[in-house]
Amino acid sequence: MKCAANGSGTRCSSAATTVCARCEAVAYCSLSHRIAHWSHHKTECDRLQQQMESLAVLNDFPFTFSRQATIQVCANQETRCSFLSKRGLHRVGMWMCECLCGASSSSFDLLGLNNGWDLPSALCPCRGPEALVSERLCSWRDYFKWRSIQFDSPVALLLHWPLTIYHAAQLVGITTLNLEVSDKLHIHYLGPEKELLQLAVFGELQALFPGVHIHIELVGPAIPPQRDGEKISISKYPCCNEAKCVCKLATENVILETQTCMSSALTLQLWRGFYHDRYKDIVKGSFPDLIIAPNGGIAAYSSWLPSIELIEKIDVPAVLTDYCEEACHLAASCIKTVTGRPLRLPVQLNPFRQPIAVEDSVLVLPCYSNCFLFGM
């Protein structure tokens, strides 16, 4: 746990063990840091106190490992490294960047060396669903039952990316009911980082939006220069680790490949830079039906402001997420300052948030990737 006053001037003297007596959501290394930080913290203290009341809801997941991945990670009794190691997934393939010691998006050239789940077939969606989605999926429980995946499977740690897209689309009214066969869905996806090493999981969108041609523009400064403009086709689901599984019998064994003339139900295109700088190039071939910005940190980076102005101008549904409710409220305040109006979609808990807590947070309140979302 980091001291909430870390970086504010004086050096931290010890571990952050002294919590705010009112909200109990932030911790300090000393009483002096707690007192010095009050002028800043008092503006958020009441909100954080209310958010702490929803602690049980935040940690509520249907998985057999939920306590281990939530309460024990927050209490430093478990780490992401140990969680992955127990499952043989530590620094393996798409799982590499799921811990602090793993790969970063700067290792993007690793993509393509190992794009499988590295799990048995019963623990991963390595092939198409047995039946189409008959009704809206509203929780991880709904999704796992539909895909016939066991609840001890950790795949939700990666699948929160496509499932958050699915949920965002549902919230703004984009569903398979109003997307007819052969329709196209254009999504502008802003600020990708670790998901650049996990692009194969976006293949699950083919199951979530059957018969729909999905094109995603991934835009952000983390895209390596040599990848700028590259198109990628996802033609199948990531494979399991069983040699005789039906997922290995598909005629196309390559999950990701640079697109030439091959058409697919799902294509991605990479754009290096900020959205407001690259928009004119992108929109020539792909005007968005939906804009999504996962874990945006809107309030933390001033570079978002011109992109917010652009999104407001083009008037396209935009859904943004962040690691905690407080970050979303701060972002909403920034957006209202720019747009002059409140959010179209209020801040709300994402049922498809990643089910393992973020390590080394400044909040006692647990933080999760894609935890809360809101829309403009």
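Before reading further, recall that the structure is shown in the block above.
Residues numbered from 1 in each chain as written. Predicted model: local features only at pLDDT ≥ 70, side-chain atom pairs only at ≥ 80, totals over all residues. Heavy atoms only, no water.

**So, the overall build of the protein chain**
Each helix and strand counted, the protein chain has 13 helices and 11 strands in total. For 376 residues, the compact-globule estimate of 2.2 N^0.38 gives 21 Å, and the protein chain sits close to it at 21 Å. With respect to the principal axes defined by its C-alpha atoms, the protein chain has extents near 65 × 50 × 40 Å. Considering the protein chain as a whole, with its 376 residues, one finds that 52% of them fall into the buried category. Entry remark: accessible area of the protein chain is about 16,600 Å², with carbon and sulfur atoms responsible for 52%. Across the protein chain, the mean location of the 32 positive side-chain charges is 3 Å away from that of the 35 negative side-chain charges. (Helix = DSSP H or I, 4+ residues; strand = E, 2+ residues; numbered from the N terminus. Rg over C-alpha atoms; globule rule 2.2 N^0.38 Å. Buried < 20%, exposed > 50% of the residue type's maximum accessible area, 1.4 Å probe, protein only. Areas by Shrake-Rupley, 256 points an atom, 1.4 Å probe, with all protein chains shown as cover. Lys, Arg positive; Asp, Glu negative; His and termini not counted. Charge placed at Lys NZ, Arg CZ, Asp CG, Glu CD.)

**Comments concerning the packing of aromatic side chains**
Per the counting criterion, the structure on display carries 16 aromatic pairs. An aromatic cluster is built from Phe-61, Phe-63, Phe-65, Phe-83, Trp-140, Tyr-143, Phe-144, Trp-146, Phe-151, Phe-352 and Tyr-368, whose rings are joined through pairwise contacts. Above the face of the Tyr-237 ring, Arg-147 is positioned so that its terminal group lies 5.4 Å from the ring centre. (Phe/Tyr/Trp six-rings, centres within 6.5 Å; stacked < 30°, edge-to-face > 60°. Lys NZ or Arg CZ within 6 Å of the ring centre and 35° of its normal.)

**Focus on the packing of helix H12 (residues 304-314) against helix H13 (residues 325-339)**
The N-to-C vectors of H12 and H13 enclose an angle of 60°; their axes lie 10 Å apart at closest approach. Regarding the angle of H12 to H13, the classification is oblique. Crossing geometry of H12 relative to H13 is assigned as right-handed. Together, Leu-305, Ile-308, Glu-309 and Glu-312 of H12 and Ile-335, Val-338 and Thr-339 of H13 make up the contact between the two elements. Considered class by class, the residues forming the contact of H12 with H13 number 4 nonpolar, 1 polar and 2 charged. (Axes fitted to C-alpha atoms, helices over the stretch in contact; angles between N-to-C directions. Parallel < 35°, antiparallel > 145°, perpendicular 65-115°, else oblique. Left-handed = near helix turned anticlockwise from the far one by under 90°. Contact = heavy atoms within 4.5 Å. Nonpolar A, V, L, I, M, F, W, Y, C, P; charged D, E, K, R; others polar.)

**What to know about the side chain of Arg-147**
Tracing the sequence through the fold places Arg-147 in the loop between helix H8 (140-146) and helix H9 (156-171). A relative accessible area of 8% means that Arg-147 is categorised as buried. Reaching out from Arg-147, the side chain makes a polar contact with the side chain of Glu-204 at a distance of 2.7 Å. Apart from the residues lying within four places of it in its own chain, the contact partners of Arg-147 are Pro-125, Arg-127, Gly-128, Pro-129, Glu-204, Ala-207 and Tyr-237. (Polar contact = N/O pair within 3.5 Å; in protein donor to acceptor, adjacent residues only side chain to side chain.)

**A closer look at the packing of helix H3 (residues 45-52) against H13**
At a minimum axis separation of 10 Å, H3 and H13 run at an interaxial angle of 140°. Accordingly, the angle class assigned to the pair H3 and H13 is oblique. When the axes of H3 and H13 are compared, the crossing they make is right-handed. Here Arg-47, Leu-48 and Gln-51 of H3 come into contact with H13, specifically with Glu-325, Glu-326, His-329 and Leu-330.

**A closer look at H12**
Looking only at H12, the buried set comprises Trp-304, Ser-307, Ile-308, Leu-310, Ile-311 and Ile-314. Looking straight down H12, one finds its buried side chains confined to an arc of 160°; they lie on one side. On its buried face, H12 sits against strand S3 (184-190), helix H11 (275-283), strand S8 (290-293), strand S9 (318-322) and H13. A positive phi of about 55° marks Asp-315, the residue just after H12. (Arc of directions from axis to C-beta.)

**A word on the pattern of salt bridges**
Scanning the model with the defined rule gives 11 salt bridges in all. Its salt-bridge partner being Asp-46, residue Arg-22 comes within 2.7 Å of it at the nearest N-O pair. In this pair, Arg-22 sits in the loop between strand S1 (18-19) and strand S2 (27-28) while Asp-46 sits in helix H3, placing the two residues 24 residues apart along the sequence. Measuring nitrogen to oxygen at the nearest pair gives 2.5 Å for the salt bridge that ties Asp-315 to Arg-344. Residue Asp-315 is located in the loop between H12 and S9, and its partner Arg-344 is located in the loop between H13 and strand S10 (345-349); the two are separated by 29 residues in the primary sequence. (Salt bridge = Lys/Arg side-chain N within 4 Å of Asp/Glu carboxyl O.)

**Here we look at the environment of Cys-138**
Residue position: Cys-138 is located in the loop between helix H7 (80-85) and H8. According to the relative accessible area criterion, Cys-138 is partly exposed, its value standing at 43%. Sequence separation between Cys-138 and Glu-217 is 79 residues, and the spatial gap between their C-alpha atoms is 26 Å. Setting aside residues no more than four positions away along its own chain, Cys-138 makes contact with Pro-351 and Phe-352.

**Notes on the environment of Ala-357**
Turning to its location among the elements, Ala-357 is positioned in the loop between S10 and strand S11 (372-375). Accessibility expressed as a relative area gives 0% for Ala-357, which makes it buried. Spatially, the C-alpha atom of Ala-357 lies 31 Å from that of Thr-337, the residues being 20 residues apart in sequence.

**Focus: the pairing of S9**
Where burial is concerned, most of S9 is hidden: 5 out of the 5 residues are buried. Bridge count for S8 against S9 is 3 bridges, and the pairing is parallel. For Ile-292, the partnering residue across the bridge sits in S9 and is Val-319. The sheet contact formed by S9 and S11 spans 4 bridges and is antiparallel. In the strand pairing of S11, Val-319 is matched with Gly-375. (Pairing = 2+ DSSP bridges.)

Honestly, it's all geometry; don't read function into it.
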